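Structure at a glance
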Amino acid sequence: MKRRAAERRTQRRTGFAAALLVLVGGCATGPSLENRGEVTAPPGDSKNLVVGSAGFTESDLLAQMYALLLKKAGYGTRILSVANRELYEPALESGQIDVVPEYAATFADWLNAKKNGADASPVGSPDLDRTMKALRRLAAPRGLTVLDPGKAVDQNAFAVAASYAERHKLKTLSDLGRSGLRVSLAAGDECVQRPYCAPGLKKVYGIDITRVDPKGVGTTQAKKAVQGGQDQMVLTTSTDATLDNFGLVLLKDDKHLQNADYLVPVVNRSRAGSEGVAAALGRLNPVLTTEDLASMNEQVDSWRRLPQDVARAYLEDKGLL
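**Points about the state of the cysteines**
Evaluation of the coordinates by the stated rule reveals one disulfide. Between the sulfur atoms of C191 and its disulfide mate C197 the distance is 1.8 Å. The disulfide joining C191 to C197 has a torsion of about -85 degrees about its S-S bond and is therefore left-handed. Residues C191 and C197 agree in their burial class; the two are buried.

Structure, rendered in structure tokens:
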């Protein structure tokens, strides 16, 4: 379900991905699981760093901010945009990429599945501390260092029509559960089985989900279905900047059903594990909020501004450049 809302974010850089595939499949120059000595070596401090982006708007924005903050701290940087985690995570291990923006719970579960198989029990949870401990435990043997999370979180979220919320006095998912209203949910088809989607809404909140309408995660089609009353609720993400355009509002996840997908920088320890890199990227932590990120997403997706321009303007406005 939390596939970084793939249905909503379709911008992909296949050319870069193909190029990186050649690199990963060829001669890797950094640490790997086959060379454990590299993993335990002192943290590196390369002065020229490659910042990875997963190729959708939010990841592009974060990569641009990371690159600008590192440049401010005296590092040379370039950005490499790659379509998916299956490509950029091995490149991060090998040193082809030095730093990427990630999502704590999602990345923890991804590394866990990579180590223990697709059927491994999830280690990501709504508890940020527990999730970070699991993530760091899984990342360290791969030569990766997970830096501290900030305040911004991009997780699954549920929205209803503003008029519907006002009519039934709904502000939280608990309110919806107590209302006894029958709810058709616009979401991805996997929502039927995922514990933090339809089953979780029923179990944790007592919401009467009558069906899952398979229109995707946060897609225009799904939002229009709620706007028009065909469905009553839509699965989207907490940094979705387009809800106002459809007259929709988020209902608060007041019982913390969703996992702690806080934004975290992940670095290759042997090349970018230094205190200098951590300090440079850590300047963003007390500043960037979920609302800020949603606003920047909107500027790129709706206003057609370039991610690098939006990122620079934000950092300058916050006094970080």
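**Observations concerning the layout of surface pockets**
For the second largest pocket, the calculated volume is near 610 Å³. Lining the second largest pocket are 28 residues; nearest its centre among them are V153, Q155, S238, L250 and T290. Breaking the lining of the second largest pocket down by element, the ones donating at least two residues are β5 (156-161), β9 (248-251) and α13 (290-301). Looking at the lining of the second largest pocket, the element that brings in the most residues is α13, giving five residues.

**A closer look at the pattern of salt bridges**
By the definition in use, this model includes 14 salt bridges. Here D148 makes a salt bridge to R136, at a shortest N to O gap of 2.9 Å. Of the two residues, D148 is situated in the loop between β4 (144-146) and β5 and R136 in helix α6 (residues 128-139); the sequence distance between them amounts to twelve residues. Notably, a salt bridge pairs D231 with R211, separated by 3.1 Å at the nearest N-O pair.

**Digging into the environment of A198**
Relative to the assigned elements, A198 resides in helix α9 (residues 198-205). When the C-alpha atoms of A198 and R211 are compared, they prove to be 8.7 Å apart, with 13 residues separating the residues in sequence.

**Structural notes on empty space enclosed by the protein**
Within this structure, the stated rule accounts for one cavity of 30 Å³ or more. Space inside the largest cavity adds up to approximately 100 Å³. Where the lining of the largest cavity is concerned, the elements lending two or more residues are α3 (57-72) and β10 (263-268).

**A closer look at the packing of α3 against helix α12 (residues 275-282)**
Think of two packed helices as two axes; the pair is described by the angle between the axes and how far apart they sit. Here α3 crosses α12 at 125 degrees, and the two axes come no closer than 9 Å. Our classification of the angle between α3 and α12 gives oblique. Where α3 crosses over α12, the handedness of that crossing is right-handed. Here Y66, L69 and L70 of α3 lie close against α12, whose contacting residues are V277, A280 and L281. Classifying every residue of the contact of α3 with α12 gives six nonpolar, no polar and no charged.

**Description of α9**
Taken residue by residue, α9 has A198, G200, L201 and Y205 as its buried positions. For α9, the angular spread of the buried residues around the axis is 165 degrees, confining them to a single face. Structurally, α9 contributes buried residues whose contacts are with β5, α8 (173-179), β6 (182-187), β7 (208-214) and β8 (233-237). G206 sits one or two residues past α9 and shows a positive phi near 70 degrees.

So, how was this worked out
Residues numbered from 1 in each chain as written. Predicted model: local features only at pLDDT ≥ 70, side-chain atom pairs only at ≥ 80, totals over all residues. Heavy atoms only, no water. Disulfide = S-S within 2.5 Å. Buried < 20%, exposed > 50% of the residue type's maximum accessible area, 1.4 Å probe, protein only. 1 Å grid on protein atoms, 1.4 Å probe; cavity = no way out; pocket = protein on both sides within 12 Å on 5 of 7 lines; lining within 4 Å. Points joined across faces, edges and corners; volume = space filled by probe spheres on them. Helix = DSSP H or I, 4+ residues; strand = E, 2+ residues; numbered from the N terminus. Salt bridge = Lys/Arg side-chain N within 4 Å of Asp/Glu carboxyl O. Axes fitted to C-alpha atoms, helices over the stretch in contact; angles between N-to-C directions. Parallel < 35°, antiparallel > 145°, perpendicular 65-115°, else oblique. Left-handed = near helix turned anticlockwise from the far one by under 90°. Contact = heavy atoms within 4.5 Å. Nonpolar A, V, L, I, M, F, W, Y, C, P; charged D, E, K, R; others polar. Arc of directions from axis to C-beta.

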